[in-house]
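# Coordinates in review
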Amino acid sequence: MLNKLSQIDKSAKSMMSATNALNHQNNKGHAQAKHFNASLPVLLKVIAKSQGNNYLLKLGNTTIQTQSQRALQVGKTYWANMQQNAAGQIVLNKLIAKPDFSENLKSMPLKLAMKDLDLLAKDFKAFGNELKEFLLQNLGNVAHKEDFSQLSMMALSLAQGVLSLVVNEDGEDKLLQIAPKKQRVDFYAIFPRLGPVQGQIYTKKEVQEALNNKAPKSLVCAEICVMNERVKELLESHAKELGLDEVQIYCDKTPEELFAFKNNLLDIHG
């Protein structure tokens, strides 16, 4: 299913490109006009804070100034829903701090391809054992303390029952966390356009078959939590492509990591 979510994320890229082209066409002759895609989550970096709750933010190559009722940390990156109000002011809501671990994805010494996840789908235990063996072999051979720290964090996550993986596809890094439970598989993922996605995959017996005194079929189901209504609508429109029997998608709570990494968790002093 994670492969399918990645494909939907790609389709969102095409959609955003078409929207941006339309906005560019509509704004010809208006050099001062600035339009932002307010549908999908945007990534903002806090550059500075001024008086009150005013902040200077970096959005792509654009710098903007706006207000946030929530206190933001300078230097931190956040996902946000961004809109313009009737007065033309930029309004941010539902800000979610990007996990510390995700900031180091580009320098992560271990990266997988989507096709590598086929083994994970077929045999989670074998995949976990292979990853554990790799980490143990390489922790003692890394040349840089940053690599040691990152591999150690992956090992610590694995010890807590959570696979934390960096998957590179088409030059883009995605963070995946997967945790098998007795009756379900929990997951968390960061996609370039969908933003953070959290959920669980589980099986249940088909009720109708049981009522008809037939052997109930096992249905593969999923519950998915996303950041905003537009992402929810996008996934719902592609729900059949996920290859599941039932899918429920929510946007009423914040997607959260399965295992939170902290920058000072493994402070390696050189």
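Predicted model, so just to flag it, every value in this text is computed and none were measured. (Residues numbered from 1 in each chain as written. Predicted model: local features only at pLDDT ≥ 70, side-chain atom pairs only at ≥ 80, totals over all residues. Heavy atoms only, no water.)

## Quick word on helix H3 (residues 124-139)
The end-to-end C-alpha separation of H3 is 22 Å, in line with the 22 Å expected for 16 residues at 1.5 Å each. Close packing links the buried residues of H3 with helix H2 (117-122), helix H4 (145-159) and strand E6 (163-169). Backbone nitrogen of Lys125 and a side-chain oxygen of the N-cap are separated by 3.3 Å at the start of H3; the cap is Asp123. (Helix = DSSP H or I, 4+ residues; strand = E, 2+ residues; numbered from the N terminus. Expected span 1.5 Å × (residues − 1). Contact = heavy atoms within 4.5 Å. Polar contact = N/O pair within 3.5 Å; in protein donor to acceptor, adjacent residues only side chain to side chain.)

## Quick notes on the pairing of strand E2 (residues 54-59)
Burial of E2 is one-sided: the residues Tyr55, Leu57 and Leu59 facing one way are buried, the residues Asn54, Leu56 and Lys58 facing the other way are not. Between the end of strand E1 (residues 42-49) and the start of E2, which pair antiparallel, lie 4 residues, with Gly52 showing a positive phi angle near 65°. Connecting the antiparallel pair E2 and strand E3 (residues 62-67) is a turn made up of 2 residues, with Gly60 showing a positive phi of about 65°. (Buried < 20%, exposed > 50% of the residue type's maximum accessible area, 1.4 Å probe, protein only. Pairing = 2+ DSSP bridges.)

## A short note on the pairing of E3
When E2 meets E3, the two strands line up antiparallel, connected through 6 bridges. Residue pairing across strands places Leu57 opposite Ile64, the latter belonging to E3.

## A few points about the pattern of salt bridges
Taken as a whole and assessed by the stated rule, the structure comprises 8 salt bridges. For Lys111, the salt bridge goes to Asp173, with nearest N and O atoms at 3.1 Å. With a gap of 62 residues between them, Lys111 in the loop between strand E5 (90-97) and H2 and Asp173 in strand E7 (residues 172-180) connect regions that are remote in the sequence. Among the salt bridges present, the one from Arg184 reaches Asp186, with a minimum N-O distance of 2.7 Å. Under the relative-accessibility criterion, Asp186 is labelled buried at 10%. (Salt bridge = Lys/Arg side-chain N within 4 Å of Asp/Glu carboxyl O.)

## Overview of the environment of Leu151
Tracing the chain through its elements places Leu151 in helix H4. Its relative accessible area of 2% is what places Leu151 among the buried residues. It is 9.2 Å that separates the C-alpha atoms of Leu151 and Leu136, two residues lying 15 residues apart in sequence. In contact with Leu151, not counting residues within four places along its chain, are Pro109, Leu110, Phe134, Leu135, Asn138, Leu139 and Val142.

## Thoughts on the packing of H3 against H4
H4 packs onto H3 with a crossing angle of 145° between their chain directions and a minimal axis gap of 10 Å. Judged by the sense of rotation from one axis to the other, the crossing of H3 with H4 is left-handed. For the pair H3 and H4, the contacting residues are Gly128, Leu131, Lys132, Phe134, Leu135, Asn138 and Leu139 in the first and Phe148, Leu151, Ser152, Met154, Ala155 and Leu158 in the second. For the contact of H3 with H4, the class distribution of residues is 9 nonpolar, 3 polar and 1 charged. (Axes fitted to C-alpha atoms, helices over the stretch in contact; angles between N-to-C directions. Left-handed = near helix turned anticlockwise from the far one by under 90°. Nonpolar A, V, L, I, M, F, W, Y, C, P; charged D, E, K, R; others polar.)

## What to know about the environment of Gln200
Within the secondary structure, Gln200 is located in strand E9 (residues 195-205). Spatially, the C-alpha atom of Gln200 lies 9.4 Å from that of Pro180, the residues being 20 residues apart in sequence. With residues up to four places along the chain from it excluded, the contact list for Gln200 reads Arg184, Val185, Asp186, Phe187, Cys221, Ala222 and Glu223.

## Focus on the side chain of His238
Checked against the element boundaries, His238 lands in the loop between helix H6 (229-237) and strand E11 (246-250). Those residues in contact with His238, other than ones at most four positions away along the chain, are Ile8 and Ser11.

## Thoughts on the nonpolar core
With 38 residues, the main nonpolar core has Leu5, Leu165, Val197, Ile224, Val226 and Leu235 as its most contacted residues. Ignoring sequence-local partners within four residues, the contact set of Val197 consists of Leu5, Phe187, Tyr188, Ala189, Phe191, Ile224, Cys225, Val226 and Pro255. (Core = buried A, V, L, I, M, F, W, Y, C linked by side-chain atoms within 4.5 Å.)

## Considerations on the environment of Leu194
With respect to the helices, strands and loops of the structure, Leu194 is situated in the loop between strand E8 (184-191) and E9. Residues Leu194 and Pro41 lie 153 residues apart in sequence; the distance between their C-alpha atoms is 6.8 Å. Apart from residues lying up to four places away in sequence, Leu194 is in contact with Leu5, Asp9, Pro41, Val231, Leu234 and Leu235.

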